[in-house]
Amino acid sequence: MKKLYILLVLLLGMTQMTPVRAAEADSVRISLMTCSPGSEIYALFGHTAIRVEVPSRKIDWVYNYGMFSFNTPHFIYRFVKGETDYELGVTRYPYFEGSYAMRGSSVYQQTLNLTISEKQKLRRLLEENYLPKNRVYRYNFFYDNCTTRARDVIERCIEGKVVYSEGKEGLSFRDIVHQYTKGHEWDELGIDMCLGSEADKPIDARKQMFAPFYLLEAAKKATIVVGDSVRPLILHEKKVVDVEPEDVREGFPLSPMVCVFILIGITCFVGWLQFKTRKIIWIWDLLLFGVQGLAGCVITFLVFFSTHPTVGSNWLILLLNPIPLIYLPVMVYRAIKGKKDYYHTINIVCLTSFMMIMPFIQQKFNVTVLPLALCLLICSANHVLLYYRQNNK
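Calculation criteria
Residues numbered from 1 in each chain as written. Predicted model: local features only at pLDDT ≥ 70, side-chain atom pairs only at ≥ 80, totals over all residues. Heavy atoms only, no water. Helix = DSSP H or I, 4+ residues; strand = E, 2+ residues; numbered from the N terminus. Buried < 20%, exposed > 50% of the residue type's maximum accessible area, 1.4 Å probe, protein only. Contact = heavy atoms within 4.5 Å. Areas by Shrake-Rupley, 256 points an atom, 1.4 Å probe, with all protein chains shown as cover. Pairing = 2+ DSSP bridges. Salt bridge = Lys/Arg side-chain N within 4 Å of Asp/Glu carboxyl O. Phe/Tyr/Trp six-rings, centres within 6.5 Å; stacked < 30°, edge-to-face > 60°. Polar contact = N/O pair within 3.5 Å; in protein donor to acceptor, adjacent residues only side chain to side chain. pLDDT = per-residue confidence, 0-100. Axes fitted to C-alpha atoms, helices over the stretch in contact; angles between N-to-C directions.

When you go through the protein residue by residue, the secondary structure sums to 14 helices and 10 strands. In the protein, which comprises 393 residues, the proportion classed as buried is 44%. Within the protein, counting contacts between residues at least 6 apart in sequence, those at least 24 apart form 76% of the total. For the protein, the exposed area adds up to about 21,900 Å²; of that, 63% sits on carbon and sulfur atoms.

What follows is the structure, encoded as structure tokens:
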């Protein structure tokens, strides 16, 4: 009799627990969080995270696939080579909200329209991803970043298929990058110098979602299709952090274009001095061609050794490569001795050819590239003209 009583109590407890657990699962809210861009180069494109709320347990966590540390050994080298490791981090929502509010970035919340089983699966996937053995991943700016990771894990939990509307036609990776680097000309120049022709090919809607706000817009119109049933991916959305963007931090006061034209002016002035004194000012060659060669080392490394996508097809290597740096000692020696240097004649031909074929190369070059090539051409032309003037008196 006693055993029967205990069994009845246990069965009664289970029947009472089931509605409680169902109610708790139904109250769980999972949202896609999109953060506005910041002023630092790594924050120019915004950010994406996933918020998990379980009110009955006072759980309010944010899962963030964008955690990294500048203190990682050889961080810059690994980043350039394409071997940067990011990881999934978890923070309490109030801390997440406060950090973005302090830096002047608004945050948008899109609550996902998931079933109870889909919510459970998504929570399980996030917890599995956060295990020490799983949380670190090889970051890829265009194809595997904090935004694409969030999208992919959400899609994995859904029992049907997520259908997105078509993206903006004709957009390329570089086009989207330029949208977010507007007003940050030096950052835009640096990124443009690294990206090759592959970054200028039109990309589809899914690839456009590497940018957080492109995913936000795609999620707004997305639907979940399960057999004949269709439901919207987003249940509702709101702006949970509404702040004024912080003032853009003042950087170098001159734009890249202004600096290049100043460089052209100095090159012309140096050429005039050389004609007047009938001597090569080799220190200017050391500076100008040295910088060209150093920039060429970076471009060459990216083209041949980096695993980053879109950098291996960079036609800018025709202009910026290590050859001037390697040849620089010979160039300076011949300039000091007043000897003829065929390098400058060859350089004039190469630079002229590069400027002529630029319009036909399937790559969008930064606006500073043409005047920079012209500056190098003027410098080499000064050498050739001065030599013939000295030897045809």
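The next subject is the pairing of strand S2 (residues 47–54). Among the 8 residues in S2, 8 count as buried, and that is most of the element. Alternating residues of S2 divide into His-47, Ala-49, Arg-51 and Glu-53 and Thr-48, Ile-50, Val-52 and Val-54, and every residue in both groups is buried. By the bridge criterion, 7 bridges tie strand S1 (residues 29–35) to S2 in an arrangement that is antiparallel. When the bridges of S2 are listed, Cys-35 appears paired with His-47. In this structure, S2 lies alongside strand S3 (residues 59–67), joined through 5 bridges in antiparallel fashion. Paired with Arg-51 across the strands is Val-62, a residue of S3. Count of turn residues in the S2/S3 antiparallel hairpin: 4 residues, of which Lys-58 carries a positive phi of about 55 degrees.

It is worth spelling out the pattern of salt bridges at this point. Per the stated rule, a full pass over the model turns up 15 salt bridges. Two residues, Arg-149 and Asp-144, come together in a salt bridge whose shortest N-O distance is 2.8 Å. Where Arg-206 meets Asp-152, a salt bridge forms, and the shortest distance between an N and an O atom there is 3.3 Å. Of this pair, Arg-206 sits in helix H8 (residues 205–208) while Asp-152 sits in helix H5 (residues 146–157); the two residues are 54 residues apart in sequence, bridging distant segments of the chain. Looking at Arg-206, the relative accessible area reads 36%, which means it is partly exposed. Overall, Asp-152 belongs to the partly exposed group, its relative accessible area being 29%. Ionic contacts of the salt-bridge type, sharing partners, join the residues Arg-29, Arg-51, Glu-53 and Asp-60 into one network.

In this section: the packing of aromatic side chains. Where two aromatic rings form a pair, the distance of their centres and the angle of their planes describe that pair. Scanning all chains against the criterion turns up 21 aromatic pairs. Judged by centre distance (5.6 Å) and plane angle (35 degrees), the rings of Phe-301 and Phe-305 are tilted. Here Phe-305 falls in the partly exposed class, since its relative accessible area comes to 48%. Geometrically, the ring pair formed by Tyr-327 and Tyr-343 is stacked, given 4.9 Å between the ring centres and 15 degrees between the ring planes. Taken together, the positions of Tyr-327 in helix H12 (residues 323–337) and Tyr-343 in helix H13 (residues 342–357) put the pair 16 residues apart, joining distant regions of the chain. Judged by its relative accessible area of 13%, Tyr-343 is buried. Here the aromatic residues Phe-45, Phe-141, Phe-142, Tyr-143, Phe-173, Tyr-180 and Phe-210 are joined through ring pairs into a cluster of three or more.

Of all 6 residues in strand S5 (residues 107–112), 5 are buried; the element is thus mostly enclosed. In this sheet, S5 lies alongside S1 in antiparallel orientation, the contact comprising 5 bridges. Across the sheet, the residue bridging to Cys-35 is Val-107, located in S5. Sheet topology note: the S5/strand S10 (residues 234–241) ladder contains 6 bridges and is antiparallel. For Tyr-108, the partnering residue across the bridge sits in S10 and is Lys-239.

Here the focus is the environment of Glu-159. Note that Glu-159 resides in the loop between H5 and strand S7 (161–163). Looking at Glu-159, the relative accessible area reads 56%, which means it is exposed. On a C-alpha basis, the gap between Glu-159 and Ser-117 in space is 8.8 Å, while along the polypeptide they are 42 residues apart. Within the structure, Glu-159 has its side chain in polar contact with the side chain of Ser-117 (distance 2.4 Å).

Here the protein shows a mean pLDDT of 88. Residues at 70 or above account for 90%. For residues 1–22, every residue scores under 50 in pLDDT, and the model assigns this stretch 1 contact once sequence neighbours within four places are set aside.

Bringing the sheet that holds S1 into the picture now. In space, the 7 strands of this open sheet follow the order S6-S4-S3-S2-S1-S5-S10, with antiparallel pairing throughout. Only two strands of the sheet have a single partner each, and these edge strands are strand S6 (136–138) and S10. If you compare each strand with its neighbour and ignore which way they point, the axes differ by 25 degrees on average. Judged from the 5 bridges that link them, S3 and strand S4 (residues 85–92) form a sheet pairing that is antiparallel. What sits directly across from Tyr-63, in S4, is Val-90. Its contacts with the sheet place helix H3 (residues 93–102) against S1, S2, S3, S4, S5 and S10, and it is angled at close to 110 degrees to S4.

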